[in-house]
Amino acid sequence: MPSRPLPSDPSAPGRTGPAAPAPRTLLWGSVAVALVTIVLKTLAWHLTGSVGLLSDALESFVNLAGAVFALAMVTVAQRPADDDHPYGHHKAEYFSSGFEGILIVGASAAIFWAAAHRLSSPQPLEQVGWGLALSVVSSALNGGLAWLMFRSARVHRSVALEGDARHLVTDVWTSAGVVVGIGAASATGWLWLDPVVAMAVALNILREGAHMVWRASQGLMDAAVEPEAQAAIDAALHDFSQGAPQVRFDHLITRQAGQRRFAGLHMHVPAEWSLGRAAQLRGAVETALMRAVPGLRVTIELLPVGVEAFLEEPKDSPP
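1. Notes on a nonpolar patch on the surface
Taken together, the side chains of Leu119, Trp190, Trp192 and Val196 present a nonpolar region at the surface, about 370 Å² in accessible area. Relative accessible area serves as the criterion here: at 33%, valine 196 is assigned to the partly exposed category.

Here it is in structure tokens:
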């Protein structure tokens, strides 16, 4: 059965990582920042009449919806395991990442449509200075929050938090593109630059949204752990094999679910070993693996040397 978390495991109860805000705290902050940026960017669009700034404001509404959904999913993911969910609720975070990706794709379509309409009938821009200043302030808020989120996401291994941070980064790039486009249109008088830049921004955030949806789908399909974690597992098992040549490990499989990682493997020991000796070594292996990969839960099946056990999916008989 899966081993209990070690005190050194940052995901164990009572530990929140080295000076990193909790995901829920940052997501509440994301909701607040989204509300502020909606006001600032809507005001910037109202002052200038720029379709680029309108697209920027639309994405802030998407930020708000994404942050609220991410907050709900992180709350669900933190629920303890129960009879219906013995491995916990950590996969709920993948729903958040996928939902935000879908929102980004929808926002990019809306931005592209508005920009195409404005391209066919360009309009002069007004009070450009105020509009750009408000956009820059909004970008600074989003950029600072995204930096904190990325840092905390690494510590807490929160997919939902990382997804929201990536969303905020796309918002920053959107704002940067809009500022450049509006500045260029104002300086040159080429009003078509405003909608063209908005279209380019829409294509860029479409790419980011598609990436987030793809990553969420891979997590829901029990993807293997990342290469760095796999290398750490292999190294720990190799150390035990070197120290006890008569012991062999095989049939290693891994998967990840939000903050948790899972590994299962077979450990072959000499048939003459007592059960107590084999169990003691298995405990040492589990401890080493969990120290090597934080958040890992290990299931090791003991087998005598020379005995193999295969778990194969039954094949359908031909019609």
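2. Quick look at the pattern of salt bridges
With the rule as written, the count across this model stands at three salt bridges. With its nearest N and O atoms 3.2 Å apart, the salt bridge here joins glutamate 162 to arginine 166. With glutamate 162 and arginine 166 both in helix α5 (residues 159-188) and four residues apart, the pair spans about one turn of that helix. For arginine 166, a relative accessible area of 27% puts it in the partly exposed group. The shortest N-O distance in the salt bridge between aspartate 250 and arginine 248 comes to 2.8 Å.

3. Some words on the environment of glycine 106
Along the chain, glycine 106 turns up in helix α3 (residues 92-120). Since its relative accessible area comes to 39%, glycine 106 is described here as partly exposed. Spatially, the C-alpha atom of glycine 106 lies 8.9 Å from that of glycine 209, the residues being 103 residues apart in sequence.

4. Description of the sheet that holds strand β3 (residues 296-304)
As summarised here, the arrangement of the three strands in space is β1-β2-β3, forming an open sheet in which the pairing is mixed. Among the strands making up the open sheet, the edge pair consists of β1 (248-257) and β3. Looking at each pair of strands side by side, their axes are set apart by 15 degrees on average, direction ignored. Taken together, the eight bridges between β1 and strand β2 (residues 260-269) define a ladder with antiparallel strand orientation. Bridging from a neighbouring strand, arginine 255 pairs with phenylalanine 262 of β2.

5. Notes on unusual backbone geometry
Positioned with a positive phi, histidine 251 is a non-glycine residue whose angle comes to about 50 degrees. Relative to the assigned elements, histidine 251 resides in strand β1.

6. Side note on the packing of helix α1 (residues 23-48) against helix α4 (residues 128-156)
Running from N to C, α1 and α4 point in directions that differ by 165 degrees, and their axes come no closer than 9 Å. Considering their axes alone, α1 and α4 lie roughly antiparallel with respect to each other. The two elements α1 and α4 meet at a crossing, and its hand is left-handed. Taken together, the residues that form the contact of α1 with α4 break down as 17 nonpolar, nine polar and one charged.

7. Things to note about the pairing of β2
Most of β2 is tucked away, with 10 of its 10 residues classed as buried. With burial as the criterion, each face of β2 is covered, one bearing Arg260, Phe262, Gly264, His266 and His268 and the other bearing Arg261, Ala263, Leu265, Met267 and Val269.

8. Observations regarding the nonpolar core
Counting 22 residues, the largest nonpolar core has Val247, Met267, Val285 and Leu289 as its most contacted members. Put simply, the parts of the chain that give this core at least two residues each are α7 (227-243), β2, α8 (275-292) and β3. Residue contributions to this core peak at five residues, all from α8. Leucine 289 has contacts with Ile233, Ala236, Leu237, Leu265, Leu296 and Val298, leaving out every residue within four places of it along the chain. In terms of nonpolar packing, the next biggest core, distinct from the first, is built from 14 residues, Leu71, Val74, Leu145 and Ala153 among them.

9. Brief notes about the environment of valine 305
Position of valine 305 among the secondary structure elements: in the segment after β3. A C-alpha to C-alpha distance of 6.3 Å links valine 305 and alanine 271, two positions 34 residues apart in sequence. Discounting chain neighbours no more than four positions away, the residues touching valine 305 are Gln246, His268, Val269 and Pro270.

10. Notes on the packing of aromatic side chains
Under the definition given, this model contains zero aromatic pairs. For arginine 255, the ring lying beneath its charged end belongs to phenylalanine 262, and the centroid distance is 4.2 Å. We note arginine 277 situated over the ring of tryptophan 273; from NZ or CZ to the ring centre the distance is 3.9 Å.

11. Description of α1
The end-to-end C-alpha distance of α1, which contains 26 residues, comes to 36 Å, matching closely the 38 Å that a straight helix rising 1.5 Å per residue would cover. In the stretch just after α1, glycine 49 is the one whose phi turns positive, near 75 degrees.

12. So, the side chain of asparagine 142
Here asparagine 142 is to be found in helix α4. Among the residues examined, asparagine 142 registers a relative accessible area of 1% and is labelled buried. Among all residues touching asparagine 142, those that are not within four sequence positions of it are Val33, Thr37, Lys41, Asn63, Leu168, Asp171 and Val172.

13. Quick word on α4
Compared with the 42 Å implied by 1.5 Å per residue over 29 residues, the 41 Å span of α4 between its first and last C-alpha is a close match. In the segment just after α4, arginine 157 is the residue with positive phi, at about 55 degrees.

Definitions and cut-offs
Residues numbered from 1 in each chain as written. Predicted model: local features only at pLDDT ≥ 70, side-chain atom pairs only at ≥ 80, totals over all residues. Heavy atoms only, no water. Patch = residues over 30% accessible without salt bridge, like charges linked within 9 Å, V, L, I, M, F, W, Y side chains within 5 Å. Areas by Shrake-Rupley, 256 points an atom, 1.4 Å probe, with all protein chains shown as cover. Salt bridge = Lys/Arg side-chain N within 4 Å of Asp/Glu carboxyl O. Buried < 20%, exposed > 50% of the residue type's maximum accessible area, 1.4 Å probe, protein only. Helix = DSSP H or I, 4+ residues; strand = E, 2+ residues; numbered from the N terminus. Pairing = 2+ DSSP bridges. Axes fitted to C-alpha atoms, helices over the stretch in contact; angles between N-to-C directions. Parallel < 35°, antiparallel > 145°, perpendicular 65-115°, else oblique. Left-handed = near helix turned anticlockwise from the far one by under 90°. Nonpolar A, V, L, I, M, F, W, Y, C, P; charged D, E, K, R; others polar. Core = buried A, V, L, I, M, F, W, Y, C linked by side-chain atoms within 4.5 Å. Contact = heavy atoms within 4.5 Å. Phe/Tyr/Trp six-rings, centres within 6.5 Å; stacked < 30°, edge-to-face > 60°. Lys NZ or Arg CZ within 6 Å of the ring centre and 35° of its normal. Expected span 1.5 Å × (residues − 1).

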